[in-house]
Protein chains: 2
Amino acid sequence: MHNHIRVLREDKKISQGKLAELCRVSRQTINAIENNKYDPSLQLAFDIAKNLDTTIDWLFLPKGGN
Amino acid sequence: MHNHIRVLREDKKISQGKLAELCRVSRQTINAIENNKYDPSLQLAFDIAKNLDTTIDWLFLPKGGN
DNA sequence: CGAATGTGTCAAACATGTTTTACATATTTA
DNA sequence: TAAATATGTAAAACATGTTTGACACATTCG
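- Chain A appears in an unreviewed UniProt entry as Putative transcriptional regulator from Alkalibacterium olivapovliticus.

Given below as structure tokens:
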């Protein structure tokens, strides 16, 4: 699963730590997701999308196409 | 997290077992998700949405609004 | 330069999602 | 009515996601 978090986050000029705080998760979690270490939970995916003013369907590109 | 899986699945007249097979997970997984025992992984959420011809953002209603 | 901020990473512990096997009960259909 | 199909549920094992604390390195800013 690929995602567009980093670009959008940098567009909004907020740090991984700030996004983590907005989503109420640790900074390591955001970092791991941006670097494709693992996928976020569905709830966290919604939180990230919301805080980056977009939708899950736009932010994430599932394996196997959608 | 609430979801509209059951209605959509019944609209398409497929069983939990059939949807499970299409999504390549066990029937118990689909059953647990329909009955809000836990949320699917992000990848599985995409697979379910795809097989029900809809989007994650339409299918799932995250806790805390979106 | 030195301090502060941002990013990458690691390990251990803990939380959540998924499979398998199994059984009970209901609903449909031959 | 009997057989087949569909659903709910449970426990154990296993896989994945998340936290905490820690450290390294780079970049920015006073």
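After that view of the structure, there is still more to cover.
**Notes on the pattern of salt bridges**
Here is step 1: This structure, assessed with the given rule, holds 8 salt bridges over all chains.
Here is step 2: Measuring nitrogen to oxygen at the nearest pair gives 2.5 Å for the salt bridge that ties Lys12 of chain A to Asp53 of chain A. Of this pair, Lys12 of chain A sits in the loop between helix H1 (5-11) and helix H2 (16-23) while Asp53 of chain A sits in the loop between helix H4 (42-51) and helix H5 (56-59), placing them 41 residues apart in sequence.
Here is step 3: A salt bridge links Lys18 of chain B to Glu21 of chain B; the nearest nitrogen and oxygen atoms lie 2.9 Å apart. With Lys18 of chain B and Glu21 of chain B both in helix H2 (residues 16-23) and 3 residues apart, the pair spans about one turn of that helix.
Here is step 4: For Lys18 of chain B, a relative accessible area of 36% puts it in the partly exposed group.

**Section: the UniProt feature "domain: HTH cro/C1-type" (unreviewed entry) in chain A**
Here is step 1: Per the UniProt entry, the sites bearing "domain: HTH cro/C1-type" (unreviewed entry) are residues 5-59 of chain A in this numbering.
Here is step 2: Secondary structure across residues 5-59 of chain A divides into 67% helix and 0% strand, with the first and last C-alpha atoms of the span separated by 7 Å.

**Brief notes about the relation of the copies chain A and chain B**
Here is step 1: Overlaying chain A with chain B gives an RMSD of 0.0 Å, the required rotation being 180 degrees about an axis along which the chain moves by 0.0 Å. A rotation of that kind, with that shift, is consistent with a two-fold axis. Of the C-alpha atoms belonging to chain A, the one lying closest to the rotation axis is found on Leu42 of chain A, 2.4 Å away.
Here is step 2: Of all interface residues in chain A, 100% are interface residues in chain B too; the two copies therefore contact each other through one and the same surface.

**Brief notes about the interface of chain A and chain B**
Here is step 1: In this complex, chain A contributes 16 residues to the contact, which on the side of chain B involves 16 residues.
Here is step 2: Carbon and sulfur atoms make up 64% of the area that chain A and chain B hide from each other, which totals about 1400 Å².
Here is step 3: Together, Leu42, Phe46 and Asp57 of chain A form the three largest contributors to the area buried by chain A at its contact with chain B, with a combined 43%.
Here is step 4: For the pair chain A and chain B, the number of links is 0 salt bridges.
Here is step 5: Counting across the chain A and chain B interface gives 7 residue pairs in polar contact (both at pLDDT 80 or more).
Here is step 6: Elements represented by at least two residues in the side of chain A that touches chain B include exactly H4 and H5 of chain A.
Here is step 7: The greatest single-element share of the side of chain A that touches chain B, amounting to 5 residues, is contributed by H4 of chain A.

**Concerning unusual backbone geometry**
Here is step 1: Although it is not a glycine, Asp53 of chain A adopts a positive phi angle of roughly 55 degrees.
Here is step 2: At Lys13 of chain B, a position not held by glycine, the phi torsion is positive, near 55 degrees.
Here is step 3: Along the polypeptide, Lys13 of chain B turns up in the loop between helix H1 (5-11) and H2.
Here is step 4: Of the residues examined, Lys13 of chain B reaches a relative accessible area of 74% and is grouped as exposed.

The rules behind each value
- Residues numbered from 1 in each chain as written.
- Chains lettered and ligands numbered in written order.
- Predicted model: local features only at pLDDT ≥ 70, side-chain atom pairs only at ≥ 80, totals over all residues.
- Heavy atoms only, no water.
- Salt bridge = Lys/Arg side-chain N within 4 Å of Asp/Glu carboxyl O.
- Helix = DSSP H or I, 4+ residues; strand = E, 2+ residues; numbered from the N terminus.
- Buried < 20%, exposed > 50% of the residue type's maximum accessible area, 1.4 Å probe, protein only.
- UniProt positions renumbered as here; feature names shortened; annotations may be inferred.
- Least-squares fit on C-alpha atoms with pLDDT ≥ 70 in both.
- Contact = heavy atoms within 4.5 Å.
- Buried area = accessible area lost by both parts, 1.4 Å probe.
- Polar contact = N/O pair within 3.5 Å; in protein donor to acceptor, adjacent residues only side chain to side chain.

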